[in-house]
Structures are given as C-alpha cells and as structure tokens.
Amino acid sequence: MYFVETLATEGLGNRSYLAGGRETAVVVDPPRDIDRVLAAAAHRGVRITHVAETHVHNDYVSGGLELARITGAAYLVPAGAQVAYVRVPVADGDRAGIDDGLGLRAVQTPGHTPHHTSYVLYDGDTPVAAFTGGSLLIGSVGRPDLVEPRLTRRLARAQHASAHRLAELPHGVRVLPTHGFGSLCSATQAEGGASTIGREKGRNTALTSDVDVFVAELLAGLDDIPAYYAHMGPANAAGPAPVDLTAPRIADAAELASRLAAGEWVVDLRNRVAFAEGHLAGALNFDGSGQLATHLAWLLPWGKPVTLLADTAEEIAAAQRELARVGIDRPAAAVTGPAEQWAPDGEELRSFRRADFAALADAVAAAHEGDAAPVVVDVRRRSERATAGWVTGSVHLPLHELPRRIGELPSGTVWVHCAGGLRAAIAASFLDAAGREVIAVDDGFATARELGLVAQPVR
C-alpha cells in the first residue's frame, strides 16, 4: 500500500509531493513554507525519511534543506548539481527505500537543467509513479533556457531524449511533474491536472515529434524569463535560510508617506476594483489573489523594501507567505484597515477609470470624428500578442518592461489592457503613480476581437 499526496503552490503554478507507505515517506521538490509539508505528514501519520530535489530550482526558493534538517531526513540532490551544503548526491540508477516494499529510483533526465533527475516510485517491483520535475510535463516539457544561453539548444535536445527515456516506463505509470500548472518554468501550460506515461505518449510534443522539429518549435515558443529567476538558482545552490513568517511591523500614514518619498514600494493587495476607486497616491496594485509572487518579484528591483497594504492581517500573512517562496522574505512594514486611513491628513485618495473594450471601441470611433485618439497600451507577453493578435494601433509594452519605459508613451489618456484585466490593473497603477491619466480595461480580450478591434497575426 502506498499514497501520493499533491501539495499545490497555486500562485507559482508548481506542485510538490508527499509519497510513502504506512510509516515513512519522501517529499519531492518541497516548497519553502515547509509547515504545509509537515502538517500533511502529521495528518498521514508518517515520518519523513527522505527529501528529494529533481534539480536546483530557478523559479522558487526550496524548503528542502530546512525540511531535511528539521526531520533528519536524507537530502537527495542530483550529483551534478553544484551546491554549498552537505547532501546525498544522487546518480542515475541510485535507489532509496522509502517504506516496507516501497522504493525510489533515480533516472537522469537532463534538459531543464544539465543535472536534472527524475524519481520513479516502485511498489515492490512495479513502477507506479514518476516524479518528473521539470522534465516530462503534462503535454509539454520544462524550459531549457534558464541556465545559460549557450546551453539552450543542447538542453532542448536533451529534453527530447529524456522524455523518450521516461516514456519507456509502463503506460499506466503516473506522471507527476513539479512545473506546468502556471509556472513560467514550463514551455507551455498543462491541459488537465493528471496524466500517465501512456497518455503523454499520445499527445506530448516531445514524444510525438522528431528531435529537430521538437527543438525548433520549443525554442520558437520561448518567451521572456522572469527577472527574479536570476536570484533563485544561486539561493538554492547556496542553501536557503529558514523562512520567517512572523508578522511584519505595523506602520502608520506618516511612515507610508516617508517610505514613498524614499522611493520604496508600497504595494496595495486589494482587488483591482477597490484600488481603482480609491488608493494612496504612489501605491502600486498587485492583487493578493492573482499570482502575486510572480508579478511582484518580476517587476520589483531586487532588494528594494516593500510595504504591504491590505484590508486584513490575514491577507498580509497570505501575501507574506507567497512572497517568501520567491525570496522576498521580510516586508518592511504592513498596514491594514480602511484605505482612507492610509493617506496623510488632508490628502485625498487617488482614483482612475475602469472600462471595457466596448468603451474603447467608442473612443476609437470618436477619434475618427475628430476627438483625440486614445493611447492603447498592450501589456501582454510577446507570445500572447503573436498568437492572439492585437488591438490595431496599440503600443506593445509587456508588463515587465512597462515601469522603465513609461516615458516612451505618447501624450494623452492611456487605455491599458491585457488578456483579462489583472495585469492591466497592475500597469494602470504604475501609470497612475507616474502621473498619467489612465483607464484600465477590465475585460476579456475575446471581446476586443468580437468588436473588430483586433488585427490578426500573420500565420
């Protein structure tokens, strides 16, 4: 008898796994906030004897070293990974006993990184699950371009070979990847939440295309790498410090004003509707429920102090946990309560308009009659614009480039949009803080197409 429990980290699009038998278990690719893992193990009534990393992660800070220290577990790390701490180096074919009749076998699967290693779980002599990390994902593979540009093509070819090696496992073996559920470590995103080797053999591009076609398509589809990824690998190789989730210090309105004046970031975690209706001048809007860590860590100058604003202390705690997963460890301060209390005495809250694509279509039509033409800014990623088309005449500034390129925009009211409204709201907060008159388009991009606003990409 065995179990596999999935521990999803939704904000980063990753999964960790707790797998074991009646008494003991292994944790594969643990998150930094290991209290979740310990709670899951306690609920199962199992002792963690092994912690296994498939690779040195580039998209989040691992909790593996601390989890192994606390539990006394053996810390399995691929032998080829250059790390600064004591671990059990794992080579191809190495085996570890997990519980009575339950074992783990290492399978070298380079491609996502040069040292990447998958782990196959055996119940007796029968393979039942493959923890594939950033190798074989659901319908895709992990990106090969996160280590070193000169290695990208070689690693892409290695991904193809590694996927085919895993495909030699029996058809019924479960495929349990770490990436692919929103993580930008994935070449594309998963369709569905579960898969098997047999299913992947029929639909995964790494298994249905020859190596040259696969590599060409994989490399052509790669988009920009989040800036904070540059800090994750070194942190994981050095050995991350234990996470500190104690509550941050509470600030008042005067301190908020002082921090803004010093050029620090004050981040409003409320939803985009509340922020647009009234917010502290200079604050930036990152909805705490909308991939906070990915968006904030990508845009934030690394090491810049961050103060968090929210309605409740619980929302602050949730944001602090998510940010710690990507190395933004300690907020400089936090403030909760009504937004009206965040502004210094006598200072009014700022606001800006929200609209839909129908309103933008009206503004475009009015421009044809002599009104000022709207400045339309598209903050989607390049791959989205290339595949889905764009609003005719729009300026393309991907969200991660917008803060440093606001000065390039022509004068006039800025209508900013993305695919659904979340990133447009973030961008609108930057534009508002820079003193631009802005309208956040809170609408699905499909509506723009229905209204005839979209220029189609050339196929």
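Please refer to the structure higher up on the page.
Residues numbered from 1 in each chain as written. Predicted model: local features only at pLDDT ≥ 70, side-chain atom pairs only at ≥ 80, totals over all residues. Heavy atoms only, no water.

S.K.: What is the right way to read the overall build of the protein from this model?
M.R.: Counting its secondary structure elements, the protein contains 16 helices and 22 strands. Against the globule reference of 23 Å for 459 residues, the protein gives a C-alpha radius of gyration of 24 Å, in line with a compact fold. Dimensions along the principal axes, computed over C-alpha positions, put the protein at roughly 75 × 55 × 35 Å. Burial status across the protein gives 54% buried among its 459 residues. Nonlocal contacts in the protein, meaning residues at least 24 apart in sequence, comprise 68% of its contacts between residues at least 6 apart. A total of about 18600 Å² of accessible surface is found on the protein, and carbon and sulfur atoms cover 51% of it. With 41 positive and 54 negative side-chain charges, the protein shows a separation of 6 Å between the mean positions of the two kinds. (Helix = DSSP H or I, 4+ residues; strand = E, 2+ residues; numbered from the N terminus. Rg over C-alpha atoms; globule rule 2.2 N^0.38 Å. Buried < 20%, exposed > 50% of the residue type's maximum accessible area, 1.4 Å probe, protein only. Contact = heavy atoms within 4.5 Å. Areas by Shrake-Rupley, 256 points an atom, 1.4 Å probe, with all protein chains shown as cover. Lys, Arg positive; Asp, Glu negative; His and termini not counted. Charge placed at Lys NZ, Arg CZ, Asp CG, Glu CD.)

S.K.: Which parts of the structure should I look at to understand the sheet that holds strand S9 (residues 117–123)?
M.R.: Across a sheet, paired strands are connected by hydrogen bonds in the backbone, their directions being either parallel or antiparallel. With mixed pairing, 5 strands are arranged side by side in an open sheet as S7-S8-S9-S10-S11. The open sheet terminates on both sides in strands that have one partner only, identified here as strand S7 (95–99) and strand S11 (174–177). On average, adjacent strands in this sheet sit at an angle of 25 degrees to one another, irrespective of strand direction. As paired strands, strand S10 (residues 126–133) and S11 are joined by 4 bridges and run parallel to one another. The residue bridging phenylalanine 131 from the neighbouring strand is leucine 176, located in S11. (Pairing = 2+ DSSP bridges. Axes fitted to C-alpha atoms, helices over the stretch in contact; angles between N-to-C directions.)

S.K.: Explanation requested: unusual backbone geometry in the structure shown.
M.R.: Note: most peptide bonds trans; most residues except glycine with negative phi. A positive phi is found at aspartate 29, a non-glycine position, where the angle reads about 50 degrees. The residue glutamine 291 is not glycine, and still its phi comes out positive at about 50 degrees.

S.K.: Mind showing me how you'd approach the sheet that holds strand S17 (residues 375–378) here?
M.R.: The strand order across the open sheet formed by 5 strands is S16-S21-S20-S17-S19, and the pairing between neighbours is parallel. Two strands in the sheet have a free side with no partner beyond their single neighbour: strand S16 (353–355) and strand S19 (395–396). Strands in contact with helix H12 (residues 357–368) are S16, S17, strand S20 (414–417) and strand S21 (438–441); relative to S20, the strand with the most contacts, it is inclined by about 145 degrees.

S.K.: Can you walk me through the packing of aromatic side chains in this structure?
M.R.: For any pair of aromatic rings, geometry is given as the distance between the ring centres together with the angle between the planes. Under the criterion given, the structure shown has 8 aromatic pairs. Arranged with centres 5.5 Å apart and planes meeting at 50 degrees, the rings of tyrosine 17 and phenylalanine 131 form a pair that is tilted. Taken together, the residues tyrosine 17 in strand S2 (residues 14–20) and phenylalanine 131 in strand S10 connect sequence positions 114 residues apart. Each member of the pair, tyrosine 17 as well as phenylalanine 131, is classed as buried. Of the aromatic side chains, those joined through ring pairs into one cluster are Trp265, Phe286 and Phe430. A cation sits over an aromatic face here: arginine 15 above phenylalanine 181, 3.7 Å from the ring centre. (Phe/Tyr/Trp six-rings, centres within 6.5 Å; stacked < 30°, edge-to-face > 60°. Lys NZ or Arg CZ within 6 Å of the ring centre and 35° of its normal.)

S.K.: Any chance you could explain the pairing of S17 here in plain terms?
M.R.: Neither face of S17 is left uncovered, since the one carrying Val375 and Val377 and the one carrying Val376 and Asp378 both have all their residues buried. For S17 and S20, the ladder comprises 4 bridges, and the chain directions are parallel. Its bridge partner being in S20, valine 376 is matched across the sheet by tryptophan 415. Sheet analysis places S17 next to S19, joined by 2 bridges and oriented parallel.

S.K.: Can you walk me through helix H11 (residues 313–324) in this structure?
M.R.: For the α-helix, the turn length of 3.6 residues means that residues three or four positions removed from each other point alike. With 12 residues, H11 extends 16 Å from end C-alpha to end C-alpha; this agrees with the ideal 16 Å at 1.5 Å per step. Of all the positions in H11, only Ile316, Ala319, Gln320, Glu322, Leu323 and Ala324 are classed as buried. Packing partners of the buried residues in H11 comprise helix H10 (292–299), strand S14 (306–310) and strand S15 (333–336). (Expected span 1.5 Å × (residues − 1).)

S.K.: Where do I start with the packing of H10 against H11 in this structure?
M.R.: Packed helices, taken two at a time, are described by the angle their axes make and the gap between the axes. For the pair H10 and H11, interaxial distance at closest approach is 9 Å and the crossing angle is 60 degrees. Between H10 and H11 the crossing geometry is right-handed. Residues Leu292, Ala293 and Leu296 of H10 pack against Ala319, Glu322 and Leu323 of H11. For the contact of H10 with H11, a count of residues per class yields 5 nonpolar, no polar and 1 charged. (Left-handed = near helix turned anticlockwise from the far one by under 90°. Nonpolar A, V, L, I, M, F, W, Y, C, P; charged D, E, K, R; others polar.)

S.K.: Teacher, can you tell me more about the nonpolar core here?
M.R.: Side chains of nonpolar character tend, in soluble globular proteins, to be buried together. In terms of nonpolar packing, the biggest core is built from 62 residues, with Trp265, Phe286, Val377, Leu402, Val416 and Phe430 touching the most fellow members. When near neighbours in sequence (up to four residues on either side) are disregarded, phenylalanine 286 contacts Trp265, Val267, Asp268, Leu269, Leu292, His295, Leu296, Leu299, Ile426 and Phe430. In this structure, Phe3, Leu18, Ala40 and Ala68 belong to the second largest nonpolar core, which totals 21 residues. (Core = buried A, V, L, I, M, F, W, Y, C linked by side-chain atoms within 4.5 Å.)

S.K.: I would appreciate a short explanation of the pattern of salt bridges in the present structure.
M.R.: One side chain can pair with another of opposite charge once the charged atoms of both are near each other. Applying the stated rule across the entire model yields 28 salt bridges. Notably, a salt bridge pairs arginine 259 with glutamate 264, separated by 2.7 Å at the nearest N-O pair. The pair arginine 259 / glutamate 264 is uniform in exposure class, with both members buried. For arginine 350, the salt bridge goes to aspartate 432, with nearest N and O atoms at 2.9 Å. With arginine 350 in the loop between S15 and S16 and aspartate 432 in helix H15 (residues 422–433), this pair connects stretches of sequence that are 82 residues apart. The exposure class assigned to arginine 350 is partly exposed, which follows from its relative accessible area of 32%. (Salt bridge = Lys/Arg side-chain N within 4 Å of Asp/Glu carboxyl O.)

S.K.: Where do I start with the environment of glycine 180 in this structure?
M.R.: As for its position among the elements, glycine 180 is in the loop between S11 and helix H4 (197–203). Exposure remark for glycine 180: the relative accessible area of 3% places this residue in the buried category. With 183 residues separating them along the chain, glycine 180 and alanine 363 place their C-alpha atoms 39 Å apart.

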